[in-house]
Amino acid sequence: MKQSKQIVDKRRQEILHQVIEKGSIRVEDMVRNLNVSSLTIRRDFQYLEDQGLIERFHGGAKIIEKKTTKEDELLKERNRIAKYAATLVNDGDILFINTSRTALSMIRYITAKAVTVITNNGNAINEPHSPEVTVILTGGELRYVKGTMVGEFALDSVNKSWATKTFLGCSGLSSKVGMTTDILNEVKINEAMFNRSHVKSYILADHTKIGKICSFVSCPISMITDVITDQKADEKEINQLTKQNIQVIKVP
């Protein structure tokens, strides 16, 4: 039976992620991991190669070697932040995750069991994750191109829920102001997620966000307790955060 486009796209996205993650992959490994035929995997490899995303070799595929750009490095740093954040998730946790791409990426790295993720990020539909992770979308007004869910419906869903932990990405994080965003209609939802976590609320912010102040405050500096960033984060700004009793983790 012919598979739906959504299933095919999700499988190819996972193959591409594995190539990027490992550098190269074998057909036999993908057959075993994705539970499909070797012919299907070879067709997927061919499609991704035609798109200029991977390079095939006998029995497998590898990443296309190219010069590393600043965007590539930033993506790797955000990915490392997401990986580390996933290690903070325990069995049975209920998580709030907002519209941040970095925060959403951590879903694929969660290894804990019986985890529930509540998010207003519509892109979660196509994010690969363990069968031990249940994803619940808040619903609400879907905003393109970002794919976020906002408005009273989304906010009401969050306000009817409690999480053990919250992981929020941001547009800016300043020791003077706190967590900020450029998108007004995401502020109340970010606030609700932050406040309705009864164990920990983490802010994920790569170095380009540290010290930056955007238009709208989602969380004042006085309420922030934990920040996860990368090694390139401005040291002076990090010192100012730690002076305010904020634990800052700089992921290696």
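Residues numbered from 1 in each chain as written. Predicted model: local features only at pLDDT ≥ 70, side-chain atom pairs only at ≥ 80, totals over all residues. Heavy atoms only, no water.

### Here's the deal with the pattern of salt bridges
Stage number 1. Enumeration according to the criterion identifies 17 salt bridges in this entry.
Stage number 2. R32 is paired through a salt bridge with D29; the nearest N and O atoms lie 2.7 Å apart. Pair noted here: R32 and D29 are both in helix α2 (residues 27-34), with a separation of three residues, about one helical turn.
Stage number 3. Since its relative accessible area comes to 25%, D29 is described here as partly exposed.
Stage number 4. In this structure, K209 and D206 form a salt bridge, with 3.8 Å as the shortest nitrogen-oxygen distance. Note on accessibility: K209 and D206 belong to one class, buried. (Salt bridge = Lys/Arg side-chain N within 4 Å of Asp/Glu carboxyl O. Helix = DSSP H or I, 4+ residues; strand = E, 2+ residues; numbered from the N terminus. Buried < 20%, exposed > 50% of the residue type's maximum accessible area, 1.4 Å probe, protein only.)

### Digging into the side chain of S218
Stage number 1. Inspection of the secondary structure assignment puts S218 in strand β13 (residues 216-220).
Stage number 2. Here N190 takes part through its side chain, which lies 3.2 Å from a polar atom of the side chain of S218.
Stage number 3. Not counting the four nearest positions on each side in its chain, S218 is found in contact with M179, T180, T181, V187, N190 and E191. (Polar contact = N/O pair within 3.5 Å; in protein donor to acceptor, adjacent residues only side chain to side chain. Contact = heavy atoms within 4.5 Å.)

### Digging into helix α4 (residues 70-87)
Stage number 1. Taking 1.5 Å per residue, 18 residues should reach 26 Å; α4 reaches 26 Å between its end C-alpha atoms and fits that length.
Stage number 2. Those residues of α4 that sit buried are L74, E77, I81, A82, A85 and A86. (Expected span 1.5 Å × (residues − 1).)

### Thoughts on the packing of helix α1 (residues 5-22) against helix α3 (residues 38-50)
Stage number 1. Packing of α1 against α3 leaves a shortest axis separation of 10 Å and a crossing angle of 75°. When the axes of α1 and α3 are compared, the pair comes out roughly perpendicular. Contacts between α1 and α3 pair R11, R12, I15 and L16 from the former with T40, I41, D44, F45, Y47 and L48 from the latter.
Stage number 2. For the contact of α1 with α3, the class distribution of residues is six nonpolar, one polar and three charged. (Axes fitted to C-alpha atoms, helices over the stretch in contact; angles between N-to-C directions. Parallel < 35°, antiparallel > 145°, perpendicular 65-115°, else oblique. Nonpolar A, V, L, I, M, F, W, Y, C, P; charged D, E, K, R; others polar.)

### Considering the pairing of strand β14 (residues 226-230)
Stage number 1. With five of five residues buried, β14 is to be regarded as a mostly interior element.
Stage number 2. Burial along β14 is two-sided: D226, I228 and D230 and V227 and T229, pointing in opposite directions, are all buried.
Stage number 3. Where strand β12 (residues 197-204) meets β14, three bridges bridge the pair, whose relative direction is parallel. Bridge pairing in β14 places Y202 opposite D226.
Stage number 4. As paired strands, β14 and strand β15 (residues 247-251) are joined by five bridges and run parallel to one another. The partner of I228 across the bridge, within β15, is I249.
Stage number 5. Tracing the backbone out of β14, into helix α8 (residues 235-243) and back to the parallel element β15 gives a crossover that is right-handed. (Pairing = 2+ DSSP bridges. Right-handed = clockwise from strand over helix to strand, strands pointing away.)

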